[in-house]
Amino acid sequence: MKKIIIIGSGFAGLTAVRTLRKNDKHVQITLISPKAELIYMPSLIWIPSDIVSKKDIVISLERFFKRMNVRHIASEVTGLSNHARTVITSTDDYENDALIIASGGQFLKKLPGIEHVITPCEGLSAVEQIRDKIQAMDSGNIAIGFASNPKELSAMRGGPMFEFLFGLDTQLRQEGRRDKFNLIFFTSTKKPGARLGERAVKSLLNEMKKRKIKTYLGHKMKAFEVDKVITEGSEFATDLILFMPGMTGNEWFDNTELERSEGGLLKADKFCQVQGGDRVFVAGDSGSFSGPEWMPKQAHMADLQATAAAKNVLEVLNNNSPSHTFKIELMCIIDSNNKGMYISRTLKGGLMLPNCRLMHYAKQIFGWWYLRQYRN
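Per an unreviewed UniProt entry, the chain goes by the name FAD-dependent pyridine nucleotide-disulfide oxidoreductase and belongs to Ruthia magnifica subsp. Calyptogena magnifica.

What follows is the structure in C-alpha coordinates.
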(Lines give C-alpha, C1' and ligand atoms only; values in the text may rest on other atoms or scores of the structure.)
Protein backbone atom coordinates (compact mmCIF):
# COMPACT_ATOMS: atom_id res chain seq x y z
CA MET A 1 0.00 0.00 0.00
CA LYS A 2 1.33 3.43 -0.99
CA LYS A 3 2.12 5.77 1.91
CA ILE A 4 1.37 9.49 1.65
CA ILE A 5 2.38 11.92 4.37
CA ILE A 6 0.81 15.37 4.71
CA ILE A 7 2.54 17.93 6.93
CA GLY A 8 0.09 20.43 8.40
CA SER A 9 -3.57 20.45 9.43
CA GLY A 10 -4.53 23.86 8.11
CA PHE A 11 -6.65 24.63 5.06
CA ALA A 12 -4.24 23.13 2.52
CA GLY A 13 -3.51 19.99 4.53
CA LEU A 14 -7.15 19.18 5.11
CA THR A 15 -8.16 19.89 1.52
CA ALA A 16 -5.40 17.50 0.45
CA VAL A 17 -6.89 14.83 2.74
CA ARG A 18 -10.38 15.24 1.28
CA THR A 19 -9.07 15.24 -2.30
CA LEU A 20 -6.94 12.13 -1.80
CA ARG A 21 -9.76 10.23 -0.15
CA LYS A 22 -12.26 11.26 -2.79
CA ASN A 23 -10.00 9.84 -5.50
CA ASP A 24 -8.50 6.86 -3.67
CA LYS A 25 -10.25 4.99 -0.86
CA HIS A 26 -7.30 2.75 -0.03
CA VAL A 27 -4.09 4.80 -0.07
CA GLN A 28 -2.51 5.15 3.39
CA ILE A 29 -2.62 8.75 4.61
CA THR A 30 -0.63 10.01 7.60
CA LEU A 31 -0.98 13.64 8.65
CA ILE A 32 1.57 15.23 10.98
CA SER A 33 0.75 18.38 12.96
CA PRO A 34 1.09 19.51 16.59
CA LYS A 35 -2.63 19.12 17.30
CA ALA A 36 -5.62 17.40 15.70
CA GLU A 37 -7.47 20.68 15.30
CA LEU A 38 -8.22 23.39 12.77
CA ILE A 39 -8.24 27.06 13.69
CA TYR A 40 -10.55 28.85 11.27
CA MET A 41 -8.36 31.91 10.74
CA PRO A 42 -10.83 34.10 8.77
CA SER A 43 -13.03 34.38 11.88
CA LEU A 44 -10.26 35.59 14.20
CA ILE A 45 -11.25 39.16 13.27
CA TRP A 46 -14.48 38.79 15.29
CA ILE A 47 -12.89 37.68 18.57
CA PRO A 48 -12.17 41.22 19.90
CA SER A 49 -15.85 42.16 19.60
CA ASP A 50 -17.15 38.79 20.89
CA ILE A 51 -19.06 38.09 17.68
CA VAL A 52 -17.48 34.63 17.86
CA SER A 53 -15.70 32.66 20.57
CA LYS A 54 -13.20 29.81 20.73
CA LYS A 55 -15.84 27.11 20.23
CA ASP A 56 -16.84 28.70 16.92
CA ILE A 57 -13.41 28.65 15.31
CA VAL A 58 -11.30 25.91 16.93
CA ILE A 59 -12.48 22.62 15.49
CA SER A 60 -11.40 19.18 16.71
CA LEU A 61 -10.40 16.99 13.78
CA GLU A 62 -10.44 13.62 15.53
CA ARG A 63 -13.78 12.53 14.06
CA PHE A 64 -12.83 13.88 10.63
CA PHE A 65 -9.59 11.91 10.64
CA LYS A 66 -11.42 8.78 11.72
CA ARG A 67 -14.00 9.22 8.99
CA MET A 68 -11.27 9.78 6.38
CA ASN A 69 -9.19 6.85 7.70
CA VAL A 70 -6.23 9.14 8.39
CA ARG A 71 -3.55 8.44 10.97
CA HIS A 72 -2.71 11.63 12.84
CA ILE A 73 0.73 12.08 14.41
CA ALA A 74 0.81 14.82 17.05
CA SER A 75 4.35 16.07 16.65
CA GLU A 76 6.61 18.81 15.29
CA VAL A 77 8.44 18.20 12.01
CA THR A 78 12.15 18.98 12.27
CA GLY A 79 13.45 17.97 8.84
CA LEU A 80 13.59 15.45 5.97
CA SER A 81 16.14 12.81 5.04
CA ASN A 82 16.64 10.02 2.51
CA HIS A 83 15.71 12.36 -0.38
CA ALA A 84 12.49 13.37 1.44
CA ARG A 85 11.29 9.79 1.85
CA THR A 86 11.75 10.12 5.61
CA VAL A 87 10.02 12.80 7.67
CA ILE A 88 11.90 13.53 10.89
CA THR A 89 9.83 14.72 13.84
CA SER A 90 10.48 15.55 17.48
CA THR A 91 9.15 12.13 18.47
CA ASP A 92 9.98 9.67 15.65
CA ASP A 93 10.73 9.23 11.94
CA TYR A 94 8.09 8.34 9.34
CA GLU A 95 8.54 6.86 5.86
CA ASN A 96 6.56 7.89 2.80
CA ASP A 97 6.18 7.21 -0.90
CA ALA A 98 5.00 10.78 -1.54
CA LEU A 99 4.88 13.94 0.53
CA ILE A 100 2.62 17.00 0.62
CA ILE A 101 3.96 19.97 2.59
CA ALA A 102 1.20 22.24 3.89
CA SER A 103 2.80 23.52 7.08
CA GLY A 104 2.22 27.20 6.40
CA GLY A 105 4.84 29.88 6.87
CA GLN A 106 6.32 31.79 9.75
CA PHE A 107 6.42 35.52 10.33
CA LEU A 108 9.61 37.51 9.89
CA LYS A 109 10.34 39.00 13.29
CA LYS A 110 13.63 40.80 12.75
CA LEU A 111 12.60 44.40 13.39
CA PRO A 112 13.95 45.84 16.66
CA GLY A 113 11.23 45.92 19.31
CA ILE A 114 8.99 43.42 17.50
CA GLU A 115 8.24 41.88 20.91
CA HIS A 116 6.08 44.93 21.66
CA VAL A 117 3.54 44.15 18.92
CA ILE A 118 0.69 41.65 18.67
CA THR A 119 0.52 39.65 15.44
CA PRO A 120 -3.17 38.68 15.05
CA CYS A 121 -2.71 35.76 12.63
CA GLU A 122 -0.48 33.93 15.09
CA GLY A 123 -3.67 32.42 16.45
CA LEU A 124 -6.43 32.51 19.01
CA SER A 125 -4.31 33.60 21.99
CA ALA A 126 -3.10 36.65 20.04
CA VAL A 127 -6.58 37.93 19.23
CA GLU A 128 -7.81 37.15 22.74
CA GLN A 129 -4.97 39.35 23.96
CA ILE A 130 -6.20 42.11 21.64
CA ARG A 131 -9.74 41.70 22.98
CA ASP A 132 -8.60 41.91 26.60
CA LYS A 133 -6.40 44.95 26.01
CA ILE A 134 -9.16 46.84 24.18
CA GLN A 135 -11.60 46.10 26.98
CA ALA A 136 -9.10 47.36 29.58
CA MET A 137 -8.34 50.60 27.73
CA ASP A 138 -10.31 53.75 28.48
CA SER A 139 -8.67 55.72 25.68
CA GLY A 140 -5.49 55.81 23.63
CA ASN A 141 -3.78 55.35 20.28
CA ILE A 142 -4.13 52.03 18.45
CA ALA A 143 -1.75 51.47 15.54
CA ILE A 144 -2.45 48.76 12.95
CA GLY A 145 -0.18 47.88 10.05
CA PHE A 146 1.54 45.24 7.96
CA ALA A 147 4.69 44.58 5.95
CA SER A 148 5.89 42.14 3.30
CA ASN A 149 8.93 39.94 2.87
CA PRO A 150 11.26 42.20 0.84
CA LYS A 151 12.66 39.13 -0.92
CA GLU A 152 9.22 37.58 -1.59
CA LEU A 153 6.65 40.34 -2.01
CA SER A 154 3.74 37.90 -2.31
CA ALA A 155 4.53 36.50 1.16
CA MET A 156 2.31 38.88 3.05
CA ARG A 157 -1.12 38.94 4.60
CA GLY A 158 -2.54 42.45 4.62
CA GLY A 159 -6.26 41.72 4.24
CA PRO A 160 -6.89 40.76 7.87
CA MET A 161 -5.27 43.99 9.07
CA PHE A 162 -7.83 46.05 7.14
CA GLU A 163 -10.49 43.96 8.85
CA PHE A 164 -9.05 44.49 12.33
CA LEU A 165 -8.75 48.21 11.57
CA PHE A 166 -12.34 48.69 10.36
CA GLY A 167 -13.69 46.15 12.83
CA LEU A 168 -12.20 47.96 15.82
CA ASP A 169 -13.56 51.24 14.53
CA THR A 170 -17.05 49.73 14.28
CA GLN A 171 -16.73 48.07 17.70
CA LEU A 172 -15.65 51.26 19.45
CA ARG A 173 -18.48 53.21 17.79
CA GLN A 174 -21.01 50.61 18.89
CA GLU A 175 -19.63 50.84 22.42
CA GLY A 176 -19.86 54.65 22.34
CA ARG A 177 -16.09 55.00 22.88
CA ARG A 178 -14.73 55.86 19.45
CA ASP A 179 -14.12 59.54 20.33
CA LYS A 180 -11.67 58.47 23.04
CA PHE A 181 -9.40 56.55 20.66
CA ASN A 182 -7.16 57.42 17.75
CA LEU A 183 -6.86 54.69 15.13
CA ILE A 184 -3.69 54.76 13.03
CA PHE A 185 -2.92 52.68 9.94
CA PHE A 186 0.66 52.27 8.72
CA THR A 187 2.48 50.34 6.00
CA SER A 188 5.57 50.80 3.85
CA THR A 189 3.61 50.83 0.60
CA LYS A 190 1.95 53.96 -0.75
CA LYS A 191 -0.94 51.88 -2.10
CA PRO A 192 -2.16 49.53 0.64
CA GLY A 193 -4.16 46.64 -0.77
CA ALA A 194 -2.65 47.02 -4.26
CA ARG A 195 -3.02 43.31 -5.01
CA LEU A 196 -6.78 43.80 -4.63
CA GLY A 197 -6.76 46.27 -7.53
CA GLU A 198 -6.64 50.05 -7.98
CA ARG A 199 -10.34 50.43 -7.36
CA ALA A 200 -10.03 48.58 -4.05
CA VAL A 201 -7.07 50.73 -2.94
CA LYS A 202 -9.11 53.87 -3.54
CA SER A 203 -12.08 52.40 -1.69
CA LEU A 204 -9.96 51.34 1.31
CA LEU A 205 -8.29 54.75 1.62
CA ASN A 206 -11.66 56.51 1.29
CA GLU A 207 -13.03 54.27 4.04
CA MET A 208 -10.13 55.21 6.33
CA LYS A 209 -10.74 58.90 5.64
CA LYS A 210 -14.45 58.50 6.28
CA ARG A 211 -13.77 56.79 9.60
CA LYS A 212 -11.17 59.43 10.59
CA ILE A 213 -8.32 56.93 10.66
CA LYS A 214 -4.89 58.56 10.39
CA THR A 215 -2.51 56.99 7.87
CA TYR A 216 1.28 56.74 7.60
CA LEU A 217 2.07 55.31 4.17
CA GLY A 218 5.11 54.71 2.00
CA HIS A 219 7.88 54.61 4.60
CA LYS A 220 9.95 51.56 5.46
CA MET A 221 9.64 50.23 8.99
CA LYS A 222 12.62 50.79 11.30
CA ALA A 223 11.62 49.70 14.80
CA PHE A 224 9.00 49.48 17.51
CA GLU A 225 9.10 50.63 21.10
CA VAL A 226 6.63 49.79 23.82
CA ASP A 227 4.78 53.06 23.10
CA LYS A 228 6.00 54.03 19.65
CA VAL A 229 6.16 53.04 15.97
CA ILE A 230 9.25 54.25 14.11
CA THR A 231 9.51 54.43 10.31
CA GLU A 232 12.10 56.00 8.05
CA GLY A 233 9.76 58.95 7.47
CA SER A 234 8.20 59.51 10.87
CA GLU A 235 7.41 58.11 14.27
CA PHE A 236 4.24 58.21 16.32
CA ALA A 237 3.08 57.35 19.82
CA THR A 238 0.82 54.38 20.44
CA ASP A 239 -0.68 52.46 23.33
CA LEU A 240 -1.33 49.26 21.36
CA ILE A 241 0.34 47.98 18.17
CA LEU A 242 -1.14 45.31 15.89
CA PHE A 243 1.35 44.37 13.19
CA MET A 244 1.51 41.65 10.54
CA PRO A 245 5.08 41.04 9.35
CA GLY A 246 5.92 39.42 6.04
CA MET A 247 6.22 35.65 5.90
CA THR A 248 9.01 33.21 5.18
CA GLY A 249 9.49 29.44 5.28
CA ASN A 250 9.45 27.18 8.31
CA GLU A 251 12.72 26.69 10.19
CA TRP A 252 12.70 22.95 9.48
CA PHE A 253 13.08 23.67 5.75
CA ASP A 254 16.75 24.29 6.57
CA ASN A 255 17.08 20.59 7.40
CA THR A 256 16.10 19.43 3.92
CA GLU A 257 17.57 19.31 0.41
CA LEU A 258 14.57 21.11 -1.06
CA GLU A 259 15.12 24.24 -3.15
CA ARG A 260 14.15 27.56 -1.57
CA SER A 261 13.16 30.88 -3.07
CA GLU A 262 15.11 34.01 -2.18
CA GLY A 263 12.41 34.73 0.38
CA GLY A 264 12.82 31.34 2.09
CA LEU A 265 9.79 29.49 0.71
CA LEU A 266 9.80 26.18 -1.19
CA LYS A 267 10.17 26.63 -4.94
CA ALA A 268 7.22 25.07 -6.72
CA ASP A 269 6.21 24.58 -10.34
CA LYS A 270 2.72 24.89 -11.81
CA PHE A 271 1.92 21.34 -10.68
CA CYS A 272 2.86 22.19 -7.06
CA GLN A 273 5.98 20.02 -7.27
CA VAL A 274 8.84 21.19 -5.11
CA GLN A 275 12.06 21.68 -7.01
CA GLY A 276 14.90 19.55 -5.71
CA GLY A 277 12.54 16.86 -4.45
CA ASP A 278 11.11 13.65 -5.86
CA ARG A 279 7.40 13.09 -5.25
CA VAL A 280 7.33 16.16 -2.99
CA PHE A 281 4.52 18.68 -3.37
CA VAL A 282 3.61 21.91 -1.60
CA ALA A 283 0.44 23.94 -1.14
CA GLY A 284 -0.41 27.17 0.65
CA ASP A 285 1.88 29.57 2.48
CA SER A 286 4.87 27.18 2.46
CA GLY A 287 5.31 27.48 -1.31
CA SER A 288 6.73 30.03 -3.71
CA PHE A 289 4.66 29.84 -6.89
CA SER A 290 5.06 31.73 -10.16
CA GLY A 291 2.15 33.93 -11.11
CA PRO A 292 0.91 37.52 -11.22
CA GLU A 293 2.12 39.90 -8.51
CA TRP A 294 -1.37 39.95 -7.00
CA MET A 295 -1.51 36.18 -6.42
CA PRO A 296 -2.52 35.97 -2.75
CA LYS A 297 -1.50 34.04 0.33
CA GLN A 298 -4.96 33.12 1.58
CA ALA A 299 -7.06 30.10 2.50
CA HIS A 300 -8.89 30.00 -0.85
CA MET A 301 -5.63 29.92 -2.81
CA ALA A 302 -4.26 27.24 -0.47
CA ASP A 303 -7.32 25.08 -1.13
CA LEU A 304 -6.90 25.38 -4.90
CA GLN A 305 -3.22 24.46 -4.70
CA ALA A 306 -3.87 21.55 -2.33
CA THR A 307 -6.47 20.07 -4.66
CA ALA A 308 -3.98 20.10 -7.56
CA ALA A 309 -1.14 18.77 -5.38
CA ALA A 310 -3.20 15.84 -4.08
CA LYS A 311 -4.37 14.81 -7.54
CA ASN A 312 -0.81 14.99 -8.84
CA VAL A 313 0.47 12.86 -5.96
CA LEU A 314 -1.89 10.08 -6.99
CA GLU A 315 -0.79 10.42 -10.61
CA VAL A 316 2.93 10.12 -9.86
CA LEU A 317 2.30 7.17 -7.54
CA ASN A 318 0.61 5.49 -10.49
CA ASN A 319 3.70 6.16 -12.62
CA ASN A 320 2.08 8.96 -14.59
CA SER A 321 3.23 12.54 -15.07
CA PRO A 322 1.44 15.24 -13.03
CA SER A 323 -1.14 17.10 -15.11
CA HIS A 324 -3.21 19.16 -12.66
CA THR A 325 -2.58 22.89 -12.31
CA PHE A 326 -4.39 25.30 -10.03
CA LYS A 327 -6.55 28.29 -10.83
CA ILE A 328 -5.02 31.60 -9.76
CA GLU A 329 -7.80 33.44 -7.98
CA LEU A 330 -8.05 36.06 -5.28
CA MET A 331 -11.35 36.00 -3.44
CA CYS A 332 -12.15 37.73 -0.16
CA ILE A 333 -14.62 39.74 1.84
CA ILE A 334 -13.04 42.59 3.80
CA ASP A 335 -15.31 42.68 6.83
CA SER A 336 -15.87 45.56 9.24
CA ASN A 337 -18.02 43.80 11.88
CA ASN A 338 -21.33 44.88 10.37
CA LYS A 339 -20.60 45.25 6.65
CA GLY A 340 -18.29 43.70 4.09
CA MET A 341 -16.65 44.54 0.76
CA TYR A 342 -16.36 41.66 -1.71
CA ILE A 343 -13.31 41.51 -4.00
CA SER A 344 -12.25 38.88 -6.52
CA ARG A 345 -9.55 38.72 -9.19
CA THR A 346 -8.62 36.14 -11.81
CA LEU A 347 -6.40 36.22 -14.87
CA LYS A 348 -9.47 37.25 -16.86
CA GLY A 349 -10.57 40.18 -14.71
CA GLY A 350 -12.04 41.10 -11.37
CA LEU A 351 -15.12 42.13 -9.43
CA MET A 352 -15.62 44.43 -6.47
CA LEU A 353 -18.85 44.99 -4.58
CA PRO A 354 -19.06 47.96 -2.19
CA ASN A 355 -19.60 47.69 1.57
CA CYS A 356 -22.95 46.20 2.49
CA ARG A 357 -24.48 44.19 5.33
CA LEU A 358 -25.19 41.25 3.05
CA MET A 359 -21.46 40.58 2.62
CA HIS A 360 -20.92 40.56 6.40
CA TYR A 361 -23.56 37.87 6.79
CA ALA A 362 -22.27 36.02 3.72
CA LYS A 363 -18.83 35.75 5.33
CA GLN A 364 -20.33 34.32 8.52
CA ILE A 365 -22.51 31.85 6.63
CA PHE A 366 -19.60 30.71 4.46
CA GLY A 367 -17.52 30.00 7.58
CA TRP A 368 -20.30 27.88 9.04
CA TRP A 369 -20.74 26.03 5.73
CA TYR A 370 -16.99 25.46 5.28
CA LEU A 371 -16.53 24.03 8.78
CA ARG A 372 -19.46 21.61 8.47
CA GLN A 373 -17.26 19.09 6.67
CA TYR A 374 -14.93 18.94 9.67
CA ARG A 375 -17.50 19.20 12.48
CA ASN A 376 -19.80 16.44 11.25
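Having seen it, we continue.
Draft legend 1. Fine view of a nonpolar patch on the surface. A contiguous nonpolar surface patch, about 600 Å² in accessible area, is contributed by Y361, I365, F366, W368 and W369. Mapping W368 onto the fold places it in helix α8 (residues 357–375). For W368, a relative accessible area of 52% corresponds to the exposed category.

Draft legend 2. Quick peek at the pattern of salt bridges. In this structure the tally under the stated criterion is 16 salt bridges. One salt bridge connects R157 with D285, and the closest N-O pair in it is separated by 2.3 Å. With R157 in the loop between β11 (140–146) and α5 (159–174) and D285 in the loop between β20 (280–282) and β21 (287–288), this residue pair connects regions lying 128 residues apart in the sequence. Take R157 and D285: they sit in the same class, and that class is buried. A salt bridge links K228 to E235; its shortest N-O distance comes to 3.2 Å. Judged by relative accessible area, which is 23%, K228 ranks as partly exposed. Judged by relative accessible area, which is 46%, E235 ranks as partly exposed. Taken together, the salt bridges that share partners define one network made up of D169, R173, R178, E207 and R211.

Draft legend 3. Here's a closer look at the sheet that holds β11. If you walk across this open sheet you meet the four strands as β13-β12-β11-β17, and the pairing is parallel. Both edges of this open sheet fall to β13 (214–217) and β17 (240–244), since each of them pairs with a single strand only. Across this sheet, the average inter-strand angle for adjacent strands is 15 degrees, counted without regard to direction. As judged from the seven bridges shared by β11 and strand β12 (residues 181–187), these two strands associate in the parallel manner. Within β12, the residue paired with N141 across the bridge is N182.

Draft legend 4. Inspection of helix α1 (residues 11–23) at higher detail. The end-to-end C-alpha distance of α1 is 18 Å, a good match for the 18 Å that 13 residues give at a rise of 1.5 Å each. By the criterion of burial, α1 is predominantly enclosed, with ten of the 13 residues buried. Residues F11, A12, G13, L14, T15, A16, V17, T19, L20 and R21 constitute the buried set of α1.

About the thresholds
Residues numbered from 1 in each chain as written. Predicted model: local features only at pLDDT ≥ 70, side-chain atom pairs only at ≥ 80, totals over all residues. Heavy atoms only, no water. Patch = residues over 30% accessible without salt bridge, like charges linked within 9 Å, V, L, I, M, F, W, Y side chains within 5 Å. Areas by Shrake-Rupley, 256 points an atom, 1.4 Å probe, with all protein chains shown as cover. Salt bridge = Lys/Arg side-chain N within 4 Å of Asp/Glu carboxyl O. Helix = DSSP H or I, 4+ residues; strand = E, 2+ residues; numbered from the N terminus. Buried < 20%, exposed > 50% of the residue type's maximum accessible area, 1.4 Å probe, protein only. Pairing = 2+ DSSP bridges. Axes fitted to C-alpha atoms, helices over the stretch in contact; angles between N-to-C directions. Expected span 1.5 Å × (residues − 1).

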